[in-house]
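Architecture at a glance
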Amino acid sequence: MTFCTNCGQQNDDTARACTNCGSPLGSSASGGQNPYQPTGGPSSYPPSGSAPYPPTGAPPTNPYGTQQPPPYGSPGYSDPYANQPYGTPGYGNQPYGMQPGGFQGGYASSGLMSVGEKRDPLMVIVFTFLTCGIYGIWWMVTYGNEVKNSLGRQDLNPGMDLVLGIITCGIWSTIAFWYKYPKLIMEMQQRVGLPPNDISTTTLLLGIFFAPAALYIVQSELNKIWDAAGGRR
C-alpha cells in the first residue's frame, strides 16, 4: 500500500495519483509507511532519553514530579484520622476555641468556662467607702459577669439587674447580687471540686443590714474558686 504524502490517504500500489486529493504518487512517496506515524512505530514512544511512563498502579504525579496521595477509596488510600476518636487534638471537628476537655478556654479540667480575678475583700470594702459606693457598684456588676462567664450562662445580665435595682429603689439589685448570684456560686464550687457552701441566705440578710460583710463573704468564696480552678488547669 502507498500513502499520499499530501493528505496521507492510503492508495493501491498501482495508483499513480491519490484518490483523495489527486496528488501524484511517485518515488518520493512513503513506500508503504504512513508518513504520519512516528519512525519506529508506537512502541518507540516516548522518544529516547525522555522520562518513561510511571509503572501501572503507581501513585500519580503532578506536573512538577512530586508524588500525590492515592485518590479516596483506592487500594492505597488511608484515612489519617481513621483511628482517632472524636475530640482528640488534630481531629479537626472541634468548634473554634473548644479544648479536648469539652469546655472553652484553658480551664476545661476545672469545669469552668473562664476564671475571674482574685481581689482582696478588705481592699474592695475600703475602695467602696473611699468612692462613696461607686466602686462597690462596679464590683457587683463585675462579679456578676464573672459568675455568668465561668458558668457559660447567657441568660444572666448583671447590667440589667443593676438598672432594675435603680428602678426598684435597690430592691431588685439586693435580691440579684446578694441572693441570685451567690446561689450560683454553689454550682461553681461543685465544678472545681470544692464542697458546696450555700451562702445566699446569709449574704441576702447581710446585704440588707450590713452590705460590707456580704461583700467580704462573696469575694472570699470567689477567690477560693479561682484558686481551685487555677490549680487544676
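In this text the structure is predicted, and so the values were computed from the model without any measurement. (Residues numbered from 1 in each chain as written. Predicted model: local features only at pLDDT ≥ 70, side-chain atom pairs only at ≥ 80, totals over all residues. Heavy atoms only, no water.)

Here we take up the overall build of the protein chain. Tallying secondary structure elements over the protein chain gives six helices and two strands in all. Listing the helices and strands of the protein chain from first to last along the sequence gives β-β-α-α-α-α-α-α. Long-range pairs, those at least 24 residues apart, make up 48% of the contacts in the protein chain with a sequence separation of at least 6. Carbon and sulfur atoms make up 59% of the accessible area of the protein chain, which amounts to about 14800 Å² in all. (Helix = DSSP H or I, 4+ residues; strand = E, 2+ residues; numbered from the N terminus. Contact = heavy atoms within 4.5 Å. Areas by Shrake-Rupley, 256 points an atom, 1.4 Å probe, with all protein chains shown as cover.)

Right, let's talk about the side chain of Asn-223 for a bit. Tracing the backbone through its elements, the reader meets Asn-223 in helix 6 (residues 211-231). Looking at Asn-223, the relative accessible area reads 11%, which means it is buried. Not counting residues within four places of it along the chain, the set of residues in contact with Asn-223 comprises Glu-117, Lys-118, Arg-119 and Pro-121. (Buried < 20%, exposed > 50% of the residue type's maximum accessible area, 1.4 Å probe, protein only.)

Here the focus is the pattern of salt bridges. Considering all chains together, one arrives at eight salt bridges under this definition. One salt bridge connects Asp-155 with Arg-153, and the closest N-O pair in it is separated by 2.8 Å. What emerges from the salt-bridge pattern is a single network uniting Glu-117, Arg-119 and Glu-146. (Salt bridge = Lys/Arg side-chain N within 4 Å of Asp/Glu carboxyl O.)

Turning next to helix 3 (residues 158-167). Buried residues of helix 3: Pro-158, Asp-161 and Gly-165, and no others. Buried residues of helix 3, seen end-on, are gathered within an arc of 50° and therefore sit on one face of the element. Facing away from the buried surface of helix 3 by more than 90 degrees, the exposed residues are Ile-166 and Ile-167. Those residues of helix 3 hidden inside the fold are in contact with helix 2 (134-151) and helix 4 (171-191). (Arc of directions from axis to C-beta.)

The next thing to look at is the nonpolar core. Formed by 27 residues in total, the largest nonpolar core has its most connected members in Trp-139, Tyr-143, Val-147, Tyr-181, Met-188, Val-218 and Leu-222. No other element matches helix 6, which puts eight residues into this core. Leave out the neighbours within four places in its chain, and Tyr-181 touches Tyr-143, Gly-144, Val-147, Leu-156, Asn-157, Pro-158, Asp-161 and Ala-176. (Core = buried A, V, L, I, M, F, W, Y, C linked by side-chain atoms within 4.5 Å.)

So, on to a nonpolar patch on the surface. The grouping of Met-160, Val-163, Leu-164, Ile-167, Ile-171, Trp-172, Ile-175 and Tyr-179 at the surface amounts to a nonpolar patch, some 710 Å² of accessible area in total. Looking at the nonpolar patch, the elements with two or more residues in it are helix 3 and helix 4. With respect to the secondary-structure elements, Ile-167 resides in helix 3. Look at Ile-167 and you get exposed, because its relative accessible area is 61%. (Patch = residues over 30% accessible without salt bridge, like charges linked within 9 Å, V, L, I, M, F, W, Y side chains within 5 Å.)

Turning our eyes to something else, we now look at the confidence of the model for the protein chain. Looking at the protein chain as a whole, the pLDDT averages 77, with 62% of positions reaching at least 70. Here strand 1 (residues 2-3) is the element of the protein chain with the lowest mean pLDDT, 79, and helix 1 (residues 121-130) is the one with the highest, 97. Within the model, pLDDT remains below 50 along residues 28-32, and this stretch shows nine contacts once partners closer than five positions in the same chain are excluded. Low pLDDT, under 50, characterises residues 86-106; the predicted model gives this stretch 30 contacts beyond four residues in sequence or across chains. (pLDDT = per-residue confidence, 0-100.)

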